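Given next are the chains, with one letter for each unit.
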Amino acid sequence: MTRSFDEIKNLPQHPGIYGFKSPTDVKEGSYSYVGLSGKIRNRVTEHLLRRDSSVTTGASATSLNPDKIAECNWWCHKTFVEKEYLEAAELIAFEKLNPTLGSRGSPSSKALGLSQDKKFISQMEELFSSPPTGSIVFHDLSWAVSKIRELENEIKLLKDKIK
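Calculation criteria
- Residues numbered from 1 in each chain as written.
- Predicted model: local features only at pLDDT ≥ 70, side-chain atom pairs only at ≥ 80, totals over all residues.
- Heavy atoms only, no water.
- Helix = DSSP H or I, 4+ residues; strand = E, 2+ residues; numbered from the N terminus.
- Buried < 20%, exposed > 50% of the residue type's maximum accessible area, 1.4 Å probe, protein only.
- Contact = heavy atoms within 4.5 Å.
- Pairing = 2+ DSSP bridges.
- Axes fitted to C-alpha atoms, helices over the stretch in contact; angles between N-to-C directions.
- Core = buried A, V, L, I, M, F, W, Y, C linked by side-chain atoms within 4.5 Å.
- Phe/Tyr/Trp six-rings, centres within 6.5 Å; stacked < 30°, edge-to-face > 60°.

Turning next to the side chain of Ser 115. Assignment of secondary structure puts Ser 115 in the loop between helix H4 (109-114) and helix H5 (118-129). Assessed through its relative accessible area of 8%, Ser 115 is described here as buried. Sequence-distant contacts of Ser 115, defined by excluding residues within four places in its chain, comprise Ala 88, Leu 91, Ile 92 and Ile 121.

Before going further, it helps to examine the sheet that holds strand S3 (residues 71-75). Taking strand neighbours across the sheet as the criterion, the five strands line up as S4-S2-S1-S3-S5 in an open arrangement whose pairing is mixed. Every other strand in the sheet has two partners, leaving strand S4 (101-102) and strand S5 (134-137) as the edge strands with one partner each. Its contacts with the sheet place helix H3 (residues 83-97) against strand S1 (16-21), strand S2 (33-37), S3 and S4, and it is angled at close to 170° to S2.

If you look at the biggest cluster of nonpolar residues, it comprises 17 residues, and the most contacted ones within it are Ile 17, Trp 75, Phe 80, Ala 89, Leu 97, Met 124 and Phe 128. At the level of secondary structure, the elements contributing two or more residues to this core comprise H3, H4 and H5. In terms of residues, this core owes the most to one element, H3, which gives six residues. Counting residues in hydrophobic clusters, the runner-up holds 16 residues, among them Phe 5, Tyr 33, Ile 69 and Ile 136.

Quick look at the packing of aromatic side chains now. Here a ring pair, both rings aromatic, is described through the centre-centre distance and the interplanar angle of the planes. Per the counting criterion, the structure on display carries six aromatic pairs. Taken together, a centroid distance of 6.1 Å and an interplanar angle of 40° make the contact between Tyr 18 and Tyr 33 tilted. Taken together, the residues Tyr 18 in strand S1 and Tyr 33 in strand S2 connect sequence positions 15 residues apart. Given a relative accessible area of 0%, Tyr 18 falls into the buried group. Overall, the relative accessible area of 2% leaves Tyr 33 in the buried class. Taking 5.6 Å as the distance between ring centres and 70° as the angle between the ring planes, the aromatic pair formed by Tyr 85 and Phe 120 counts as edge-to-face. With Tyr 85 in helix H3 and Phe 120 in helix H5, the pair connects residues that are 35 residues apart, well separated along the chain. We classify Phe 120 as buried; its relative accessible area is 3%. Taken together, Tyr 18, Phe 20 and Tyr 33 form an aromatic cluster joined through their ring pairs.

Structure (structure tokens):
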């Protein structure tokens, strides 16, 4: 099942936490993968278009199949411009969103400390409990066929009304 990733151009070039969902995850509300990036659009492009991230190249025991990604959600926060805050937020996102896979970066000691700060934890838990800052859906061929059928039915109804 091939997906269209045309919508990637609408992703922000800001730092943030992003999560991928498969069609099954969308129904269940879970995530296949959660990661962080200084520029979300660039990182998602590496995963889904260029397919050269370590999680998509099969460089580990488990990997991410870009063709199975149906949705990308992301969260941005004013503190994410500082790398340590972004790394700490990712650790909290792993706990809150419970992805099947998570990025394998090594957070700094400052990020580890921040991820234990009660005020920061509370802020990030609230962020990840709220709707994402943004979301895009990657459509597949079955979606396109379904939309074509809907349009054909609407055209038929319009033609019937004209007669």
